[in-house]
Amino acid sequence: MADIIASKNIYDKNGVLLLAKGQKATDIVLEKLRLHEIYEKEQAATNNKIKVPAVPVTPEFKERWNLRDDRILAYANEVLSTIIFESKTKPWWMLVNVLTNYVDWMYTHSLDVAMISLMIAAELKYKDNELWNLGLGALLHDVGKIMIPKSILQKPGPLNDTEMFYMKQHCELGLSSLTAYNLSADCTDIVIQHHERLDGSGYPYGLKENEICFNAKIVMVADTIDAITSGRPYKQPKSMDTAIKILSSETGKYPQEIIPVLELILMS
Ligand SMILES: [Fe+2]
Ligand SMILES: [Fe+2]
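Residues numbered from 1 in each chain as written. Chains lettered and ligands numbered in written order. Predicted model: local features only at pLDDT ≥ 70, side-chain atom pairs only at ≥ 80, totals over all residues.

Points about the overall build of the chain
So the rule is basically this: The way it works is that DSSP assigns letters per residue, a run of H or I at least four long becomes a helix, a run of E at least two long becomes a strand, and they are numbered from the N terminus. For every residue, the other C-beta atoms within 10 Å of its own C-beta are counted; 20 or more classify it as buried, 12 or fewer as exposed, and values in between as partly exposed. C-beta atoms are placed from the backbone.
Looking only at helices and strands, the chain features 13 helices and three strands. Burial status across the chain gives 31% buried among its 268 residues.

Structure follows, in structure tokens:
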């Protein structure tokens, strides 16, 4: 592959210089550019701002999601961009920032789960305020993981019982970190309930069926499908077909009424 030379300074979202003008991009820098949104800071004093990402969706996401209709992706993307833009002036923005920088894949996962959830909800004709609560809850669904040690989150293998005990705390930690912000239950119920399962086998409370709110059911599906189709330090990604088959076969655990909505969004 030909060398990639920066035509201008490139910064990460916190204004940290990733690649200076004229510098060759190393593999490490290219990986960082891939994982983070790319920002260009203009040198002119009149335009000395870090750009807000208008398109949070990653190329990897588009590749994984072979969509029947790009308009639903564009719509979900627009809603999520608005949520992120409006959140920048809100007290929970600090948490989004920590989430972004804690473990590499976590912010990408949060964006992807929010995008999938919003595409499902758009197909279900959610109204604007309903989309906002769902999108923000999905974006923050794993915010409690910023209080879980990185050694557990990044362990390149299965967790032992003690590590799993800590990992399972992230739903309650996430909810408690948001309680001061007066967010709607339509949003915060997602944070506390996204690991519940219809048969009561989930956590933290072992809720069943209609004890789990519909927003949490959407995010439960989006979270699971994203986890199955993404690579992690400890596992290879599986195909979207395999992910749908797993969800469809686990009839006692996952809300089956959401699977056809997913299939409507997908090309095949
Ligand atoms: Fe989670
Ligand atoms: Fe998650």
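A word on helix α5 (residues 104-123)
This is how it is decided: Expected span of a helix, by definition, is 1.5 Å for each gap between consecutive residues, and there is one gap fewer than residues.
Counted at 1.5 Å a residue, the expected span for α5 with its 20 residues is 28 Å, and the 30 Å between its end C-alpha atoms agrees. Within α5, 14 of the 20 residues are buried, which leaves it mostly tucked inside the rest of the structure. Two residues or fewer past α5, K125 is found with a positive phi of approximately 65°.

Describing the nonpolar core
Filter applied, for reference: In these notes, a nonpolar core means any group of buried Ala, Val, Leu, Ile, Met, Phe, Trp, Tyr and Cys residues linked to one another through C-beta atoms within 7 Å. Here, residue contact means that the backbone-derived C-beta atoms of the two residues sit within 7 Å.
Counting 48 residues, the largest nonpolar core has L118, V221 and A222 as its most contacted members. The greatest single-element share of this core, amounting to 10 residues, is contributed by α5. In contact with L118, not counting residues within four places along its chain, are A76, V79, L80, L131, L134 and G135.

Topic: the confidence of the model for the chain
To be explicit about the condition: Known as pLDDT, the predictor's confidence for each residue is given on a scale from 0 to 100.
Of the residues in the chain, 77% have a pLDDT of 70 or more, and the chain-wide mean is 83. By mean pLDDT, strand β3 (residues 39-40) is the weakest element of the chain at 42, and helix α10 (residues 185-193) is the strongest at 98. In the model, residues 37-55 has pLDDT below 50 throughout and makes 26 contacts with residues more than four positions away in sequence or in other chains.

Brief notes about unusual backbone geometry
In this model, Y203 is joined to P204 through a cis peptide bond whose omega is 10°. With respect to the helices, strands and loops of the structure, P204 is situated in the loop between α10 and α11 (214-229). In this structure, K125 is a non-glycine residue whose phi angle is positive, near 65°. By the secondary structure assignment, K125 is in the loop between α5 and α6 (128-139).

What to know about the packing of α5 against α11
Quick reminder of the rule: A fitted line through C-alpha atoms represents every axis, and for helices the fit uses only the stretch in contact; the resulting angles, taken between N-to-C directions, go from 0 to 180 degrees. Relative orientations are named as follows: roughly parallel for angles under 35 degrees, roughly antiparallel for angles over 145 degrees, roughly perpendicular for angles from 65 to 115 degrees, and oblique for any other angle. Should the near helix be turned anticlockwise from the far one by less than a right angle, the crossing is left-handed, and should it be turned clockwise, the crossing is right-handed. Three categories are distinguished: nonpolar for Ala, Val, Leu, Ile, Met, Phe, Trp, Tyr, Cys and Pro, charged for Asp, Glu, Lys and Arg, and polar for the others, with Gly belonging to the last.
The geometry of α5 relative to α11 is characterised by a closest axis approach of 9 Å and an angle of 130° between their N-to-C directions. When the interaxial angle is binned, α5 and α11 end up oblique. Crossing of α5 against α11: the hand is right-handed. Seen from α5, the contacting residues are H109, D112, V113, I116, S117, I120 and A121; seen from α11, they are I218, V219, A222, D223, I225 and D226. Classifying every residue of the contact of α5 with α11 by side-chain character gives eight nonpolar, two polar and three charged.

Regarding the packing of helix α3 (residues 70-87) against α6
Following both chains from N to C, one finds α3 and α6 inclined at 70°, their axes separated by 10 Å at the closest point. Put simply, α3 runs roughly perpendicular to α6. Mapping the contact onto sequence places V79, L80 and I83 in α3 and L131, W132, G135, L136 and L139 in α6. Considering only residue class, the contact of α3 with α6 consists of seven nonpolar, one polar and no charged.

Thoughts on helix α4 (residues 93-102)
Three- or four-residue spacings in an α-helix give side chains the same orientation, since the helix completes a turn every 3.6 residues. What counts here: Here, the arc refers to the directions that run from the helix axis to the C-beta atoms.
Among all positions in α4, only V96, L99 and T100 are buried. Angularly, the buried residues of α4 cover 100° about the axis, an arc narrow enough to put them on a single face. Those residues of α4 that are buried are in contact with α3 and α5.

Some remarks on the environment of M115
With respect to the secondary-structure elements, M115 resides in helix α5. Look at M115 and you get buried, because 26 C-beta atoms sit within 10 Å. Distance in space between the C-alpha atoms of M115 and N77 is 6.7 Å, their sequence separation being 38 residues.

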